[in-house]
Amino acid sequence: MSRRPDESQPPLVMPPLGPMTPRERRDRVLEACHALGFAHAGICEARAITPEREEALRRWLATGQAGDMSYLTDRVQEMLHPSSVLEGARYVICVADRYDGARDHRSRKLPPRGRIARYARGRDYHDVLRRRLKRLAVAIQESAPESSTRAVVDTAPLMERDHAVRAGLGAIGKNTLLIKEGEGSWLLLGEVLTTLELEPETDVAAPHDPCGSCTRCIDACPTDAITPFSINATRCISYNTIENRGAIDRSLHRATGEWLFGCDVCQEVCPHNQPTRRAKGLPILEAYTPRRDGFDLLEVLQWTEDDRREAFITSSMKRAKLEMMRRNAVICAANALRTREDSDLLRRLEQIAEDPKESELVRMTAIEVLEDLDRIEQG
């Protein structure tokens, strides 16, 4: 697979944008995006999401499907219009990086391991995207001093997939991910909002459905979290292993399988993501080269906070706290023990369950999985 140069580039210089027409400005901006190594770039008007999308968002939140992600409920009004992110925003410059979606090749000769979602196997995409987006924003600002700009990744209250669709970057699939037909959904999104007048892409009059009658992601989801174009986060493995700070529902333990951080099942089965000659030749930033696809579960179960910090240096996984990772490892370890004997792993689970000094979250999870393995009496 070919690789684009990393984000280390010469200083970005743009000619004065003021005297240009909106189309000329647009062309210069898109040229700059590609010079910065973004796989895709497009521009759309900074307008509110459609009433249908707003209704779906509010219904999803009202039915508790966001789980404990209270920051979404608290900022729902801000999410409706880009002007909440940048006052007076007129256009959204949407970009996408590709990351490596190559198939995993697991070996039973290795000690039991917990898998990492592919987006988190390289360097932290927040940093990789943000640095280049800021350079783009600064270059626009310097070339058009009368304008305002703001670069964002996924921490601002912006419905980025909706804007990416209108900017021509792809279409939203039944698994709620942005899909670029012919390339798939292994994409990371970022945006620059600006008050500068640009010529946008031709807006999509009606949202395009890239899935048709296909339901592979729905059928394959281990926890039945997906319904067409919606995900119940409380059942999603990614939510539970990354966002959920408390106990993971016991009924979901077995379905979590090997997933220690995140989950890629709905992407692995998606027809748009099946390996093709074209897909294998698509460029990927060097920064996203996978450094590891998982962790030895016995090691994670013995981690200290220093171990966690060292393992997650420059990684987007650093948002997961130590007890969360050890909770996840307990669940993955129990699932591994369903298919293979490992006395060391079993002994470590028993030690955690019996240790009164252990984190209550981790200890209670260990008790639950051992009960379900019939290793200790229930209740």
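Everything that follows concerns the structure shown earlier in this document.
Residues numbered from 1 in each chain as written. Predicted model: local features only at pLDDT ≥ 70, side-chain atom pairs only at ≥ 80, totals over all residues. Heavy atoms only, no water.

The next subject is the overall build of the chain. Summing up its helical and strand segments, the chain has 16 helices and 13 strands in all. Taking 2.2 N^0.38 as the reference for a compact globule, 379 residues should give roughly 21 Å; the C-alpha atoms of the chain span a radius of gyration of 22 Å, in line with that estimate. Taking all 379 residues of the chain together, the buried fraction comes to 53%. Taking all contacts inside the chain whose residues are at least 6 apart in sequence as the whole, residues at least 24 apart take part in 76%. Carbon and sulfur atoms form 49% of the exposed surface of the chain, whose accessible area is close to 17900 Å². Of the charged side chains in the chain, 56 are positive and 60 negative, and the gap between their average positions amounts to 3 Å. (Helix = DSSP H or I, 4+ residues; strand = E, 2+ residues; numbered from the N terminus. Rg over C-alpha atoms; globule rule 2.2 N^0.38 Å. Buried < 20%, exposed > 50% of the residue type's maximum accessible area, 1.4 Å probe, protein only. Contact = heavy atoms within 4.5 Å. Areas by Shrake-Rupley, 256 points an atom, 1.4 Å probe, with all protein chains shown as cover. Lys, Arg positive; Asp, Glu negative; His and termini not counted. Charge placed at Lys NZ, Arg CZ, Asp CG, Glu CD.)

This part covers the sheet that holds strand β8 (residues 187–194). Ordered in space as β2-β3-β8-β5, the four strands form an open sheet in which the pairing is antiparallel. What marks the edges here is a single partner per strand, and that holds for β2 (40–45) and β5 (149–152). Strand-to-strand twist in this sheet, taken as the mean axis angle between neighbours without regard to direction, amounts to 20 degrees. The sheet contact formed by strand β3 (residues 91–98) and β8 spans eight bridges and is antiparallel. The residue of β8 that forms the bridge with tyrosine 91 is threonine 194. Packing of helix α5 (residues 125–143) onto the sheet brings it into contact with β3, β5 and β8, and relative to β8 it is tilted by some 25 degrees. (Pairing = 2+ DSSP bridges. Axes fitted to C-alpha atoms, helices over the stretch in contact; angles between N-to-C directions.)

On to empty space enclosed by the protein. Within the structure shown, the criterion is met by one cavity of 30 Å³ or more. Contributing to the lining of the largest cavity are Thr223, Arg235, Cys236, Ile237, Asn240, Thr241, Ile248, Leu252 and Thr256. When residues of the lining of the largest cavity are assigned to their parent elements, the largest contribution, three residues, is made by helix α8 (residues 237–243). Of the residues assigned to the lining of the largest cavity, the class counts are four nonpolar, four polar and one charged. (1 Å grid on protein atoms, 1.4 Å probe; cavity = no way out; pocket = protein on both sides within 12 Å on 5 of 7 lines; lining within 4 Å. Points joined across faces, edges and corners; volume = space filled by probe spheres on them. Nonpolar A, V, L, I, M, F, W, Y, C, P; charged D, E, K, R; others polar.)

Take helix α15 (residues 343–354) next. If you check α15, its first and last C-alpha atoms are 16 Å apart, about what 12 residues at 1.5 Å a residue would give, namely 16 Å. On its buried face, α15 is in contact with α12 (297–300), α14 (322–337) and α16 (360–372). A side-chain oxygen of the first residue of α15 lies 3.3 Å from the backbone nitrogen of aspartate 344; this N-cap is aspartate 342. (Expected span 1.5 Å × (residues − 1). Polar contact = N/O pair within 3.5 Å; in protein donor to acceptor, adjacent residues only side chain to side chain.)

Our focus in this paragraph is the packing of α14 against α15. Their axes nearest at 10 Å, the elements α14 and α15 cross at an angle of 135 degrees. Classified by the angle their axes make, α14 and α15 are oblique. The two elements α14 and α15 cross, and the hand of that crossing is left-handed. Judged by residue contacts, Arg326, Val330, Ala333, Ala334, Ala336 and Leu337 of α14 engage Leu345, Leu346, Arg348, Leu349 and Ile352 from α15. In the contact of α14 with α15, the residues fall into nine nonpolar, no polar and two charged. (Parallel < 35°, antiparallel > 145°, perpendicular 65-115°, else oblique. Left-handed = near helix turned anticlockwise from the far one by under 90°.)

Summed over the entire model, instances satisfying the criterion amount to 28 salt bridges. For glutamate 268, the salt bridge goes to arginine 118, with nearest N and O atoms at 2.9 Å. With glutamate 268 in helix α10 (residues 265–268) and arginine 118 in the loop between β4 (113–116) and α5, this residue pair connects regions lying 150 residues apart in the sequence. Residue glutamate 268 is classed as partly exposed on the basis of its relative accessible area, which comes to 28%. Note that aspartate 372 is salt-bridged to arginine 250, the shortest N-O span being 3.1 Å. Note that aspartate 372 is positioned in helix α16 and arginine 250 in the loop between α8 and α9 (253–256), a separation of 122 residues in sequence. Residue classification places aspartate 372 among the partly exposed residues on the basis of a relative accessible area of 29%. We classify arginine 250 as partly exposed; its relative accessible area is 29%. Because the salt bridges share partners, they merge into one network encompassing Asp104, Arg115, Arg118, Arg121, Asp264 and Glu268. (Salt bridge = Lys/Arg side-chain N within 4 Å of Asp/Glu carboxyl O.)

Structurally, arginine 132 can be placed in helix α5. In terms of polar contacts, arginine 132 uses its side chain to reach the backbone carbonyl oxygen of leucine 36, at 3.0 Å.

So, about the pairing of β3. Most of β3 sits inside the fold, with eight of its eight residues counted as buried. Of the two faces of β3, both are covered, the one formed by Tyr91, Ile93, Val95 and Asp97 as well as the one formed by Val92, Cys94, Ala96 and Arg98. Pairing between β2 and β3: six bridges, direction antiparallel. Pairing of isoleucine 43 across the sheet is with isoleucine 93, part of β3.

Take the nonpolar core next. Membership of the largest hydrophobic core comes to 75 residues, with the highest contact counts inside it found for Ile93, Tyr119, Leu129, Leu136, Phe261 and Tyr288. The dominant element in this core, judged by the number of residues it contributes, is α14, at 11 residues. Within the second largest apolar cluster, 21 residues are counted, among which are Ile218, Ala225, Ile231 and Tyr239. (Core = buried A, V, L, I, M, F, W, Y, C linked by side-chain atoms within 4.5 Å.)

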